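Now for the letters of each chain:
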Amino acid sequence: MKVAAGLAPLLAPNTIAVVGASRRKGTIGHQILENLISYGFAGAVFPVNPHARSICAVRAYPSIADVPDPVDMAVIVVPKEQVLDIAEQCGRAHVKGLVVISAGFREIGDEGAARETKLMEIVRTHGMRMIGPNCMGVVNADPAVSMNATFATAMPPFGHSAFVSQSGALGLSVLDYAQEYGIGISQFVSVGNKPDVSVNDLLVAWEIDPTIKVILMYVENFGNPRRFLEIASRITKVKPIIVVKSGRSHAGALAASSHTGALAVDDVAVDAMLTQAGVLRASSVEELFEMAIGFGARAMPRSRRTAVLTNAGGPGILAADALVMYGLQLAEIEATTIASLRPLFPAEASIRNPLDMIASATPAGYKAALTALLADPGVDAVMPIFVPPFGVRQEDVAEAIASAAATQPTKPVFAVLMGREGLPLGRAEFRKAGIPAYIFPESAARALSAINRQVEWAARPAANPTPLDADRDAATAILDGAMRDGRESLTESESLALLRAYGIPVAESRYATRPEDLAAAGQALGYPLVMKLVSPDVSHKTDVGGVRLGITSEVQLHEEYHELIRNVRERAPGAKVNGVLIQQMVNGGRETIVGISRDPSFGSLVMFGLGGIFVEALQDVIFRMTPIDDAQAVEMIKGIQGARVLGGMRGAPPVDHSALAAAVRRIAQLGADFPQILELDVNPLLAMEHGAIAVDARVLLRARN
Ligand SMILES: Nc1ncnc2c1ncn2[C@@H]1O[C@H](COP(=O)(O)OP(=O)(O)OP(=O)(O)O)[C@@H](O)[C@H]1O
Ligand SMILES: [Mg+2]
């Protein structure tokens, strides 16, 4: 067992003091001490209680200073008012780490927050590390430590998963669940309010611990998303991280005036980060455990090609539907396999995929069919399903499945046992054989999909968003100019110039403040042209009739100018009209949107989607944290629902994906390089058969401090 130095006193201590240990059964102070003793903590335990000589038959000490041995970890279980004093005493007694169970800190509001700040000062002053406050403790089930420093009554079996929970209560049910499902836990930490030891710190510790093969997390917020992205992206190339993140919906940035800002609401930043880090997101604790069970499989799949074996048609079809829904593939069964199995089953049986042996299937039938499917070169995983008919015992089928699986240890078998009798046995027996077992085919399919994604993610080269060449000075000058004027947005021309400075192709345009300038602009640019309102008061020009397309002559240019002005006077009477932008008309492109939105804690996010004026109606967008590399840009473009529209359909050729990806990456770089950009919309960025070109841009700036 290898533990990160800084956290060793908390994750693998040699000595533990329980300050606030109680003689009264049923109290937290008693339960924690009892747990440490009854689960055979490998080190020494010291109860601290000024009123007791001994507790649970262990000599007690009046204060931490009286404990004869150096103390690695002090578990503090006293009322909130006493915590600061106890922490100070621990510091003076050279305790290395604190686990503060007590509640009554930041989670209760200002008074608690003030107490927590003081507590952190004490911890820092004495160079201690602290888990909590307001947590339910720490478990290290490794036999070399065997520490249950929680008040949970369940101790999960030792295994290869580590679990961090930001909710104490949920932590308790997690340990129950893990025990019930036999999910082997190596370490469990309830981080509580986490002002000190954070989820990121634990990830770093678990990254280097060879006993930990899967990391499970329940989190409510990410204190430092950028650090999480960096650490998690590294770890997931080696070990899967599965997360349940609650709090998906909160009041979004409804005030946003850009499309990107309006779409960057709710949970998109979290989703972007988790996807970018290769973290598997579960939508419930149950789903998280299903995935964790899946990673207990004795082998990882070589591909998504999966076969279903069943003795009942319905569940077989449900399994096939679920597999396809979760992105897996129904394997093509080889003719030789079918031929070898046909004689073994009645004519009513269906020897294809799903392979339905019908209700008369015997354990021997399961063994033969599963062995054959596992031997089939076109099959990389099998899901055998058993629905107990009359007269066939589930345990016998479980044994048959296990022995068939043993014939081909390099392919995963995900078993589904839909019967109640013999369930725990079935699963425990399977777990030893490395065969994840579920009650429902959908759970098995979801888990199989997760491990496939993990395999594919681990095989992918790590992201490498090296900075791109760009005219940063020109960009800085444009942004600083507007900030100096105290403006909160760039003009259309400045926005287009900013894009040009970052190497993004932009439609040629000219700014005209008076009708007299129109002719010259037209001549310089050449027809056809587009005319657009330039006004600091109008965000979406189309809404006020401020965009005139398809202008083919000078006469029409003037007509459209007067039409445009009339429209604006009518629909936005108070709007200031600075002039119009004359722009080359670009034909034949597909409208996409690329944007930047800055999140206070996640930093700048880049967005890609199908664009145009209906972008908020379509909501077909995808986000990532900036910067990104080419592969990530292509993944975004391919990841939207409307990807097929860009791929060429209905006679339209595919768009230039590499030019589009280059533009997306460059806009992401812009967001990464300039924190003063609050929101940025390029809508549309026209994706052409050859190249990509921006025709409309809006940049909102962060207010000057
Ligand atoms: N140069 C151009 N070439 C071809 N079509 C153009 C051009 N400029 C604008 N358009 C078309 O006009 C539509 C509206 O123009 P533009 O995006 O500039 O205005 P907007 O209303 O301010 O946009 P937004 O919805 O982004 O606020 C574009 O979605 C596009 O279909
Ligand atoms: Mg637009």
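Residues numbered from 1 in each chain as written. Chains lettered and ligands numbered in written order. Predicted model: local features only at pLDDT ≥ 70, side-chain atom pairs only at ≥ 80, totals over all residues. Heavy atoms only, no water.

## Here's the deal with helix α24 (residues 657-673)
Phase 1: Taking 1.5 Å as the rise per residue, α24 with 17 residues should run 24 Å; its terminal C-alpha atoms sit 24 Å apart, in good agreement.
Phase 2: L660, A661, A663, V664, R665, R666, I667, A668, Q669, L670 and G671 are the residues of α24 that are buried. (Helix = DSSP H or I, 4+ residues; strand = E, 2+ residues; numbered from the N terminus. Expected span 1.5 Å × (residues − 1). Buried < 20%, exposed > 50% of the residue type's maximum accessible area, 1.4 Å probe, protein only.)

## Details of a nonpolar patch on the surface
Phase 1: Side chains of I613, F614 and L618 sit close together on the surface and give an oily, nonpolar patch of about 340 Å² of accessible area.
Phase 2: Its location among the elements puts L618 in helix α21 (residues 615-618). (Patch = residues over 30% accessible without salt bridge, like charges linked within 9 Å, V, L, I, M, F, W, Y side chains within 5 Å. Areas by Shrake-Rupley, 256 points an atom, 1.4 Å probe, with all protein chains shown as cover. Salt bridge = Lys/Arg side-chain N within 4 Å of Asp/Glu carboxyl O.)

## A few points about the pattern of salt bridges
In a structure, side chains of opposite charge can pair up when their charged atoms sit close to one another.
Phase 1: Applying the stated rule across the entire model yields 34 salt bridges.
Phase 2: Ionic pairing is found between D396 and R393, a salt bridge with its closest N-O pair at 3.0 Å.
Phase 3: What makes D396 partly exposed here is its relative accessible area of 25%.
Phase 4: Accessibility expressed as a relative area gives 45% for R393, which makes it partly exposed.
Phase 5: In the salt-bridge network here, residues are joined through shared partners; they are R124, R129, D196, D201 and R227.

## Focus: the packing of helix α6 (residues 199-207) against helix α7 (residues 225-235)
Phase 1: Closest axis-to-axis distance for the α6/α7 pair is 10 Å, and the angle between their directions is 20°. Judged on the interaxial angle alone, α7 and α6 are roughly parallel. For the pair α6 and α7, the sense of crossing is left-handed. Across the interface between the two elements, N200, D201, L203, V204 and E207 of α6 pack against R227, F228, I231, R234 and I235 of α7.
Phase 2: Its residues placed into classes, the contact of α6 with α7 shows five nonpolar, one polar and four charged. (Axes fitted to C-alpha atoms, helices over the stretch in contact; angles between N-to-C directions. Parallel < 35°, antiparallel > 145°, perpendicular 65-115°, else oblique. Left-handed = near helix turned anticlockwise from the far one by under 90°. Contact = heavy atoms within 4.5 Å. Nonpolar A, V, L, I, M, F, W, Y, C, P; charged D, E, K, R; others polar.)

## Examining the site of ligand 1
Phase 1: Inspection of the region around ligand 1 gives 21 residues, with K532, H540, K541, T542 and E591 positioned closest.
Phase 2: Note that an oxygen atom of ligand 1 is positioned 2.7 Å from one of the side-chain N or O atoms of K541.
Phase 3: For the shell around ligand 1, the secondary-structure elements that each account for two or more residues are β22 (529-534), β23 (547-551), β24 (579-584) and β28 (677-687).
Phase 4: Tallied by class, the residues present in the shell around ligand 1 amount to eight nonpolar, eight polar and five charged.
Phase 5: When residues of the shell around ligand 1 are sorted by domain, at least three fall in each of domain 3 (508-584) and domain 4 (590-701). (Near = heavy atom within 4 Å. Polar contact = N/O pair within 3.5 Å; in protein donor to acceptor, adjacent residues only side chain to side chain. Domains from an automatic or database assignment.)

## Some details on the coordination of the magnesium ion (ligand 2)
For a metal with four tetrahedral donors the ideal donor-metal-donor angle is 109.5 degrees, whereas six octahedral donors ideally subtend 90 or 180 degrees.
Phase 1: The protein atoms that coordinate the magnesium ion (ligand 2) are N683 (O) and D696 (OD), at distances spanning 1.9 to 2.0 Å. A residue pair is termed long-range when its members are at least 10 positions apart, and N683 in strand β28 and D696 in the loop between β29 (692-694) and β30 (697-701) qualify at 13 residues.
Phase 2: Judged by its relative accessible area of 11%, D696 is buried. (Donors = N, O, S within 2.8 Å, 3.2 Å for Na, K, Ca; no water.)

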